[in-house]
Amino acid sequence: MDARTYDLIFICRPATPEEEVDKMIATLTHAAQEKGGTVEKVEKWGTRKLAYKVAKHREGIYVYLALHGTQGEMIHELERRLKVADVVIKYMTIRTDEELKRQRKLAGKRERRAARRPRKQAPPPAADQTAAEMGAAD
Amino acid sequence: MTERNDENIQSQPEESAAETVAAAPESPRAEGAPTARPEGGPPRREGGFRQGGPRREGAPRRDAGPGGGPGGRRPRKQYFRKRKVCRFCVERIDYIDYKKADVLQSFVQDRGKVLPRRLTGTCSQHQRWLITAIKRARNIALLPFAQEL
């Protein structure tokens with residue numbers, strides 16, 4: 001099975017002390033490693049306003065993790081832990097590898113086209129015409 | 001400079017290209033249609049109406065009835081409209097990040113509804129990615145589902 005990457009965001013209660021949040025991150029990192037995954041990146045966004053009330057709170061402490069793993073079980077385990085943790089009021093996991101792959105593909109395509117362009121530039125009169133029209137419209 | 005223009009055209013969706021093409025034959029017809037065009041006249045005119053009518057007008061579908069009358073007015077109106085381009089195409093964005101709530105914020109209404117492409121000018125591809133991003137952001141409370149007022 002291919003390696004997969006995930007984004008995991010969870011929100012803690014605004015009154016949670018810093019150590020608790022760190023402990024939560026450590027727990028998740030450990031759980032991920034146990035299931036053969038790794039935590040690539042940890043970002044603490046700090047206290048942010050929530051767009052709507054969650055568990056009667058108007059703000060929360062956001063933590064973002066970028067994960068790398070090979071089995072879906074890892075995500076099950078992490079979500080189970082997040083669900084039972086008292087300090088966490090909301091969490092979300094998203095699989096990102098497919099979108100990143102698409103992004104790389106499109107970027108590669110564009111680069112190849114850019115490399116090919118100088119040769120192609122002279123002949124197309126139609127493109128020039130539309131370009132002139134675009135300029136006029138703007 | 002020319003290289004840039006060229007690139008823009010290629011990267012843009014077909015829709016914008018079609019619009020420029022549609023605009024091209026219409027402007028000369030406004031003055032010179034009834035002069036001399038024996039065989040090419042009828043089919044071209046038909047095409048022009050189909051493209052120029054409901055598509056360009058935007059929201060109100062049936063403001064002007066069919067006929068030769070509004071044909072003279074329509075092309076002039078086009079020149080006043082500023083052509084919208086997809087903001088993501090201009091910046092060559094291949095992935096719309098759901099974490100950048102401030103970017104997404106400009107594509108939703110005050111109460112949290114997604115703005116239509118008609119108003120923002122986003123191309124269909126990017127609109128689809130944008131909607132995914134907005135839905136993810138809503139899920140993690142970065143954007144509202146519906147803002148209470």
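Higher on the page you've got the structure.
Some points on the packing of helix H1 (residues 18-34) of chain A against helix H2 (residues 72-84) of chain A
All names here are of chain A. Orientation of H1 relative to H2, taken along the N-to-C sense of each, is 155 degrees, at an axis distance of 9 Å. In this view, H1 runs roughly antiparallel relative to H2, as classed from their interaxial angle. Relative to H2, H1 is oriented so that their crossing is right-handed. Between H1 and H2, the residues in contact are Met 24, Thr 27, Leu 28, Ala 31 and Ala 32 and Met 74, Glu 77, Leu 78, Arg 81 and Leu 82, respectively. Among the residues making up the contact of H1 with H2, the classes are represented as 7 nonpolar, 1 polar and 2 charged.

Concerning the pattern of salt bridges
By the definition in use, this model includes 12 salt bridges over all chains. As a salt-bridge pair, Glu 98 of chain A and Arg 95 of chain A come within 3.6 Å of each other at their nearest N and O atoms. In the salt-bridge network here, residues are joined through shared partners; they are Asp 7 of chain A together with Asp 97 and Lys 99 of chain B.

Thoughts on the nonpolar core
Residues Tyr 62 of chain A together with Tyr 98 and Leu 104 of chain B are the most contacted members of the largest nonpolar core, which totals 32 residues. Broken down by secondary-structure element, the contributors of at least two residues to this core are strand E1 (4-12), strand E2 (38-54), strand E3 (57-69) and strand E4 (88-95) of chain A together with helix H5 (87-90), helix H6 (101-105) and helix H8 (124-139) of chain B. For this core, the leading source of residues is H8 of chain B, giving 5 residues. If we ignore the near neighbours within four places in the chain, the residues touching Leu 104 of chain B are Ile 96, Asp 97, Tyr 98, Leu 130, Ala 133, Ile 134, Ala 137 and Leu 143 of chain B. Leu 8, Val 21, Ile 75 and Leu 82 of chain A belong to the second largest nonpolar core, which has 21 residues in total.

Quick word on the environment of Ile 9 of chain A
The residue Ile 9 of chain A is located in strand E1 in this model. Judged by relative accessible area, Ile 9 of chain A falls into the buried class, the value being 0%. The sequence separation of Ile 9 of chain A and Tyr 91 of chain A amounts to 82 residues, and the corresponding C-alpha distance is 5.5 Å. In this view, Ile 9 of chain A contacts Trp 45, Tyr 62, Val 63, Tyr 64, Lys 90, Tyr 91 and Met 92 of chain A together with Tyr 98, Lys 99 and Ile 140 of chain B; residues no more than four positions away in its chain are not counted.

Parameters at a glance
- Residues numbered from 1 in each chain as written.
- Chains lettered and ligands numbered in written order.
- Predicted model: local features only at pLDDT ≥ 70, side-chain atom pairs only at ≥ 80, totals over all residues.
- Heavy atoms only, no water.
- Axes fitted to C-alpha atoms, helices over the stretch in contact; angles between N-to-C directions.
- Helix = DSSP H or I, 4+ residues; strand = E, 2+ residues; numbered from the N terminus.
- Parallel < 35°, antiparallel > 145°, perpendicular 65-115°, else oblique.
- Left-handed = near helix turned anticlockwise from the far one by under 90°.
- Contact = heavy atoms within 4.5 Å.
- Nonpolar A, V, L, I, M, F, W, Y, C, P; charged D, E, K, R; others polar.
- Salt bridge = Lys/Arg side-chain N within 4 Å of Asp/Glu carboxyl O.
- Core = buried A, V, L, I, M, F, W, Y, C linked by side-chain atoms within 4.5 Å.
- Buried < 20%, exposed > 50% of the residue type's maximum accessible area, 1.4 Å probe, protein only.

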